[in-house]
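Given next are the chains, with one letter for each unit.
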Amino acid sequence: MRVLVVGGGPGGLYAALLLKRRHPEAQVVLHERNRAEDTFGWGVVLSDQTVANLHAADPASAAAIAGALHHWDDIEVHFRGATVRSGGHGFSGIGRQRLLGILQARCRELGVELHFQTETPAALEALVRERGFDLVIAADGVNSRIRERHASTFRPDADVRRCRYIWLGTPRRFDAFTFAFAETPHGWFQAHAYQFDEAMSTFIVETPWENWERAGLDRMDDAAGRRYCEELFASVLEGAPLLSNAPHLPGPAQWIRFPRIVCERWVHWLDGAGGRVPLVLLGDAAHTAHFSIGSGSKLALEDAIALDATLAARPADVAGALAAYQAERSVEVLKLQNAARNSTEWFEHVDRYARLAPEQFAYSLLTRSQRISHENLRERDAAYVAAFERWFAERAGAPPTARPPLLTPFTVRGVTLANRVVVSPMAQYSALEDGMPTDWHLVHLGARAAGGAGLVMTEMTCVAPDARITPACTGLWNEAHRDAWARIVRFAHEHTGAKVGLQLGHAGAKGATKKMWEGVDEPLPEGEWPLIAASETRYLADVSQVARAMTRADMDRVRDEFVRATRLGAAAGFDWLELHAAHGYLLSGFLSPLTNRRTDAYGGSLEARAAYPLEVFRAMRAAWPAEKPISVRISAHDWSEGGNTGDDAVAIARLFREAGADLIDVSAGQVVKEERPVYGRMWQTPFADRVRQEAGIATIAVGAISDADQANGIVASGRADLVAVGRPHLVNPAWLLAESSRLGYPDTEALWPVQYLAGKRQLDRLAERERALQAATAPRPPRGELV
């Protein structure tokens, strides 16, 4: 076997030495265009898990690497004069030049042919045929020439991110991985710093490109730029200088923007002397992940380990081995890139989170990727989490004792919820004729109120007969409805600690359809009623009824129907009111440019599109008791070209806040049928986070939130104030009670109906045994990831 490795970074060197170690008879040749001693960057961060993987793959080089590692456990955050520290994270740093030296020495020891200052020719096929190579590994980095040369095969997708950053070094020795934030007249700058040997630390300075230009760094030479950063971070540098290992480059050229790269394919076939020869990508040539969650070197080393293992597992099937390599590593890379996207966006928008107190700002930073959870933080540093929980509880108006943030109270206007859990509005399609709620609704909502949630929401309750989605939807347009709802509210108030919320809405163009289980969004075969919408439209092309555009008279009538339902809801004793302006229903249809094509005062700009929903809201607010809150549900993204995006969601939230809304219930999509949403766990939480920080209003997070650990992280980090849990409550009405026992939360008796306390004791015992079993048998969660 003859192997050519292009690229002498850590990934290429490690792939070469692993292949040579496994196949001593093979000829392994490495070409690197730079000198052996050249390096770009200062230190490399390796997780504890990566170090363990290196020991398993090649003990000899791992021993040398281990001897050069500088290890630390803590992360320290410096923000607005405060310092927050948490431990148990488990990192190691090593100088990049030292790492390259160890890997080069090991390659030479094994017999790898190393050729530095050697350009790989553009006509790679000619070299492959001439030298008879059987395999080519392209590890030539983020700016891979080979990847670009064969882009039609690899199909790379590059996303150049917002921030500019510079890699610097400093003799200041940090005893923790340090994040420092500095506010300037031009915007926020941040530093990522870590020690990588006994004398030096890496110091990365990062800021959005707009701030960088406003600060004049695009016009400063190398020395002036470093002086600027030294002054900016003087408090953490403590007089130490910042050093550059690329002083030959102009100052602005050292500030780069990170490209997120992912390739659809990782293998290209060349024409060799004896047939087709595979060319496979490795490391940054195949993919990148932002430095804020670790190092590209870590990923490249793990790529090399996987490539060696898959080739060894299929010695007679190279094509199959390379397919297995891509399949295995692309999944891991996708996971890391998803986390990296969240982390990158957090650092791109530090100004968004700068409104948080230092304690919550640091927690938000630690959990920014959504891969480190509240309970994972507790395993890493129980004392830190307990101190944070005490701080959070006191801020929420509770005694300063350690309790999960999810179980802290939340007060808005004159209403206090016992905890942060909301039972989402979930359509039951079980009303009798004319929208009358039934015993089903009493049991459905009553059981969930007894299940511990702080707030239980009705399904979308329609304000008129022609406002319903289906004939089986609940309504609130007469006294009989009021009395039926009052019975349900009274049960919850008398037997549970839950508050009960009423969601009011109008189906608009999505009305007169079958029940969900009979055909989602399909029109009724008979008994349809006329539909109205912001503009003439049909939700399902060639299937749905055509809804006519509303006249001003229609708008007056519908507004008054919302007001009538609001007054009836107040008389029924509801604690909370929510206006449904999402999911393509009537008011959502006004907000979205995809469904509002009006040319009068209610169409066109966002402000004009929002005018009628705001008119309805203001009328409801005036009719609803002043001491009770109103939330508004919106679709934060239409997931379709030309539709509303997160920017519009922030603007819409601001308009409702100014009109008197207390919270925004942040959902997304369902506005047009041709949407293309991006699903995932907690997939809509980033919208709630952005609306909360940028619009300055409390939010409710929804969407694929399945366990209390996720919910705790959302609330604790300030991404939302309340967490709405839907389908898990359909499976288990006592979802919060079960989760509290599973995670061992103390002092939760008050959540339980006294009739069920015997069940609590049994559930607690079973959960305690399960936790003990997991502690004895389950591996510790991965440490050493900046995510």
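Residues numbered from 1 in each chain as written. Predicted model: local features only at pLDDT ≥ 70, side-chain atom pairs only at ≥ 80, totals over all residues. Heavy atoms only, no water.

For the protein chain, the count of helices and strands is 27 helices and 28 strands. Computed over the C-alpha atoms, the radius of gyration of the protein chain is 30 Å, within 12% of the 28 Å expected from 2.2 N^0.38 for a compact globule of 787 residues. Expressed as a percentage of contacts within the protein chain between residues at least 6 apart in sequence, the contacts between residues at least 24 apart total 72%. In the structure as shown, the protein chain presents an accessible area of about 30300 Å², 51% of it carried by carbon and sulfur atoms. The distance from the centre of the 87 positive side-chain charges to the centre of the 96 negative ones in the protein chain is 1 Å. (Helix = DSSP H or I, 4+ residues; strand = E, 2+ residues; numbered from the N terminus. Rg over C-alpha atoms; globule rule 2.2 N^0.38 Å. Contact = heavy atoms within 4.5 Å. Areas by Shrake-Rupley, 256 points an atom, 1.4 Å probe, with all protein chains shown as cover. Lys, Arg positive; Asp, Glu negative; His and termini not counted. Charge placed at Lys NZ, Arg CZ, Asp CG, Glu CD.)

Before going further, it helps to examine the packing of helix α26 (residues 735-742) against helix α27 (residues 757-777). In contact at an axis separation of 8 Å, α26 and α27 are set at 45° when each is read in the N-to-C sense. Overall, the two elements α26 and α27 adopt an arrangement that is oblique. Residues Leu737, Ala738, Ser741 and Arg742 of α26 form the contact with α27, whose own contacting residues are Leu763, Asp764, Ala767 and Arg771. Looking at the contact of α26 with α27 residue by residue, the class counts come to 4 nonpolar, 1 polar and 3 charged. (Axes fitted to C-alpha atoms, helices over the stretch in contact; angles between N-to-C directions. Parallel < 35°, antiparallel > 145°, perpendicular 65-115°, else oblique. Nonpolar A, V, L, I, M, F, W, Y, C, P; charged D, E, K, R; others polar.)

We now examine the environment of Ala193. If you trace the backbone, Ala193 turns up in strand β12 (residues 187-195). Residue classification places Ala193 among the buried positions, given a relative accessible area of 1%. Through-space distance from the C-alpha of Ala193 to that of Leu237 is 9.9 Å; in sequence the pair is 44 residues apart. Not counting residues within four places of it along the chain, the set of residues in contact with Ala193 comprises Phe174, Ala176, Phe177, Thr178, Thr202 and Phe203. (Buried < 20%, exposed > 50% of the residue type's maximum accessible area, 1.4 Å probe, protein only.)

Looking now at the pattern of salt bridges. Tallying each qualifying case throughout the model produces 53 salt bridges. The shortest N-O distance in the salt bridge between Arg21 and Asp58 comes to 3.1 Å. Linking Arg21 in helix α1 (residues 10-22) with Asp58 in the loop between α2 (48-57) and α3 (59-68), this pair joins segments that are 37 residues apart in sequence. The exposure class assigned to Asp58 is buried, which follows from its relative accessible area of 0%. One salt bridge connects Arg162 with Glu210, and the closest N-O pair in it is separated by 3.0 Å. Of this pair, Arg162 sits in strand β10 (residues 156-170) while Glu210 sits in helix α8 (residues 209-214), and the two are 48 residues apart along the sequence. Look at Arg162 and you get partly exposed, because its relative accessible area is 23%. A single network of salt bridges, built from pairs that share partners, joins Asp466, Arg548, Asp554, Arg557 and Glu561. (Salt bridge = Lys/Arg side-chain N within 4 Å of Asp/Glu carboxyl O.)

This next bit is on the pairing of strand β25 (residues 630-635). Burial within β25 is extensive, with 6 of its 6 residues counted as buried. Here β25 shows no split at all, with Ile630, Val632 and Ile634 on one side and Ser631, Arg633 and Ser635 on the other all buried. Pairing of strand β24 (residues 576-581) with β25 involves 5 bridges; the strand directions are parallel. If you follow His580 over to β25, its bridge partner there is Arg633. Taken together, the 5 bridges between β25 and strand β26 (residues 663-667) define a ladder with parallel strand orientation. Bridging from a neighbouring strand, Ser635 pairs with Ser667 of β26. (Pairing = 2+ DSSP bridges.)

Okay, the sheet that holds β25 next. The sheet built from 8 strands closes into a barrel, its strands ordered β19-β20-β21-β24-β25-β26-β27-β28 with parallel pairing. Between one strand and the next, the sheet's axes are offset by a mean angle of 30°, whatever the strand orientation. Pairing of strand β27 (residues 698-701) with strand β28 (residues 722-725) involves 2 bridges; the strand directions are parallel. Bridge pairing in β28 places Ile700 opposite Leu722. The strands that helix α19 (residues 552-572) touches are β21 (499-505) and β24; relative to β21, the one it contacts most, it runs at about 165°.

What the rule picks out here adds up to 34 aromatic pairs. Summarising the aromatic geometry, the rings of Trp266 and Tyr325 are spaced 5.5 Å apart at their centres and angled 70° between planes, so their arrangement reads as edge-to-face. Placement of Trp266 in the loop between β14 (256-263) and β15 (267-272) and of Tyr325 in helix α12 (residues 318-348) is noted, with a sequence separation of 59 residues between them. A residue is classified by how much of its surface remains accessible, and Trp266, at 2% relative accessible area, is buried. Here Phe590 and Tyr612 contribute two aromatic rings whose centre-to-centre distance is 5.0 Å and whose plane-to-plane angle is 45°, an arrangement assigned as tilted. Taken together, the positions of Phe590 in helix α20 (residues 586-591) and Tyr612 in helix α21 (residues 606-623) put the pair 22 residues apart, joining distant regions of the chain. With respect to class, Phe590 is no different from Tyr612; both count as buried. (Phe/Tyr/Trp six-rings, centres within 6.5 Å; stacked < 30°, edge-to-face > 60°.)

The description of two packed helices rests on the angle between their axes and on the distance between the axes. Across the interface, α3 lies against helix α4 (residues 96-110) with an axial gap of 10 Å and an inter-helix angle of 160°. Classed by the angle they form, the pair α3 and α4 counts as roughly antiparallel. Helix-helix and strand crossings are classified by hand; for α3 and α4 the assignment is right-handed. Residues Ala60, Ser61, Ala64, Ile65 and Ala68 of α3 pack against Arg98, Leu99, Ile102, Leu103 and Arg106 of α4. (Left-handed = near helix turned anticlockwise from the far one by under 90°.)

Of the residues making up helix α5 (residues 124-131), those classed as buried are Leu124, Leu127 and Val128. Axial view of α5: buried residues confined to an arc of 100°, hence all on one face. Those residues of α5 that are buried lie in contact with β1 (2-6), β2 (27-32), β9 (135-138), α6 (145-149), β15 and β16 (275-281). Just past α5, the residue Gly132 takes up positive phi, approximately 70°. (Arc of directions from axis to C-beta.)

A few words on the sheet that holds strand β5 (residues 75-79). Strands sit in the order β6-β5-β11-β12-β13-β10-β14 across an open sheet of 7 strands; the sheet is mixed. Since the sheet does not close on itself, it has two edges, and those belong to β6 (82-86) and β14, each with one partner. The sheet shows a mean angle of 25° between the axes of neighbouring strands, taken without regard to direction. Sheet topology places β12 next to strand β13 (residues 201-208); 6 bridges connect them, and they run antiparallel. Among the inter-strand pairings, Ala193 is bridged to a residue of β13, identified as Phe203. This element, α12, spans β10, β11 (177-184), β12, β13 and β14 of the sheet and lies at about 60° to β10.

Looking now at the pairing of β5. Buried residues dominate β5, accounting for 5 of its 5 residues. Residues Ile75, Val77 and Phe79 line one face of β5 and the alternating positions Glu76 and His78 line the opposite face, and both faces are buried. Relative to β6, β5 runs antiparallel, the two sharing 5 bridges. In the strand pairing of β6, His78 is matched with Thr83. Here β5 hands over to β6 after 2 residues, with Arg80 in that stretch at a positive phi of 50°. Pairing of β5 with β11, which is carried by 4 bridges, proceeds in the parallel orientation. Directly across from Glu76, in β11, lies its bridge partner Thr178.

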